[in-house]
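Tertiary structure, described
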Amino acid sequence: AQTVTQSQPEMSVQEAETVTLSCTYDTSESDYYLFWYKQPPSRQMILVIRQEAYKQQNATENRFSVNFQKAAKSFSLKISDSQLGDAAMYFCAYRGSTGANSKLTFGKGITLSVRP
Amino acid sequence: KAGVTQTPRYLIKTRGQQVTLSCSPISGHRSVSWYQQTPGQGLQFLFEYFSETQRNKGNFPGRFSGRQFSNSRSEMNVSTLELGDSALYLCASSSQGIGREQYFGPGTRLTVT
């Protein structure tokens, strides 16, 4: 079974600075998808970024980028120029490529606080 | 496009009762998944429906069931509620491809007393 590990329960960053959130996963599949979701206090889960395992190029979305290391099974999220609105819980998630593994498997999440 | 909608947003039930939660996916999305979120267990997958068929199921007891209608709307039902069923229930929809990202609704907060 696939597992996703987020070992840091909490992180803090100064406004305008850069922070990196770590995630590792375990799978025997070669084709899969990885995601970062943000959950602010409203509890609405918001997709931040998506990475296909077959793509070597790291995904970027404005201030958000990932460092995808397939061999190491590592998928970290870098937030540049942190803003107060970035404060939230961040979840790393894995989704397989076959029907039986099509569910999202989430890590425990990281609570990110942004200091003004 | 309108996002994923879930009703009701909040619900209080008594132990032993049953409850039905509803989810309307983004227009054109045929896959609907349900997740339970609790402080202790985190986010856990309940089941996924695609074109009215259950495509995947998590490790939850048979008290948890779901269905999907021809318009892709989905319902989940929990019978014989237990205190431990208190949670935020999230619905997510995605387009046809398995690897496509899932978009979440605002959730239904269920409290069992």
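Located above this text is the structure these notes cover.
Predicted, not measured: the structure shown is a model, and the values here were computed from it.

What follows covers the side chain of Gln-39 of chain A. One can find Gln-39 of chain A in strand 5 (residues 32-39). You can call Gln-39 of chain A buried: its relative accessible area is 3%. A distance of 2.9 Å separates a polar atom in the side chain of Gln-39 of chain A from a polar atom in the side chain of Gln-37 of chain B. With residues near it in sequence (within four places) discarded, Gln-39 of chain A still touches Gln-44, Met-45, Ala-88, Met-89 and Phe-91 of chain A together with Gln-37, Leu-88 and Leu-90 of chain B.

Residues and elements named next belong to chain A. Using the criterion set out here, one finds two disulfides over all chains in the structure. Linked covalently through their sulfurs, Cys-23 and Cys-92 form a disulfide whose S-S length is 2.0 Å. Here Cys-23 and Cys-92 share a disulfide; its torsion about the S-S bond, -70°, makes the bridge left-handed. On the criterion of sequence distance, the pair formed by Cys-23 in the loop between strand 3 (19-21) and strand 4 (24-26) and Cys-92 in strand 10 (residues 88-96) is long-range, its members being 69 residues apart. Side by side, Cys-23 and Cys-92 carry an identical accessibility label, which is buried.

Attention shifts here to unusual backbone geometry. With omega at -10°, the peptide bond leading from Thr-7 of chain B into Pro-8 of chain B counts as cis. Residue position: Pro-8 of chain B is located in the loop between strand 1 (5-7) and strand 2 (10-13). For Lys-73 of chain A, which is not a glycine, the phi torsion comes out positive at approximately 55°. On the secondary structure map, Lys-73 of chain A appears in the loop between strand 8 (64-69) and strand 9 (74-79). Look at Lys-73 of chain A and you get partly exposed, because its relative accessible area is 26%.

Quick notes on the rules
- Sequence order sets the numbering: in each chain, residues are counted from 1 along the sequence as written.
- Chain A is the first chain written and ligand 1 is the first ligand written, with later ones labelled in order.
- Local features are withheld for residues below a pLDDT of 70 in this predicted model, meaning they are given only at 70 or higher, and side-chain atom pairs are given and counted only at 80 or more; totals for whole chains, interfaces and linings count all residues.
- Here the side-chain values reflect all heavy atoms present in the structure, with hydrogen atoms and water set aside.
- Helix and strand assignments follow DSSP, with helices taken as H or I runs no shorter than four residues and strands as E runs no shorter than two, numbered in order from the N terminus.
- The rule is simple: take the accessible area with a 1.4 Å probe, protein chains only, and divide by the maximum for that residue type; under 20% is buried, over 50% is exposed, in between is partly exposed.
- Under this definition, polar contacts are N or O atom pairs within 3.5 Å; protein pairs additionally need one hydrogen-donor-capable and one acceptor-capable atom, and for neighbouring residues in sequence, both atoms have to be side-chain atoms.
- What makes two residues a contact is simply this: any of their non-hydrogen atoms within 4.5 Å.
- For this text, the term disulfide refers to a pair of cysteine sulfurs within 2.5 Å.

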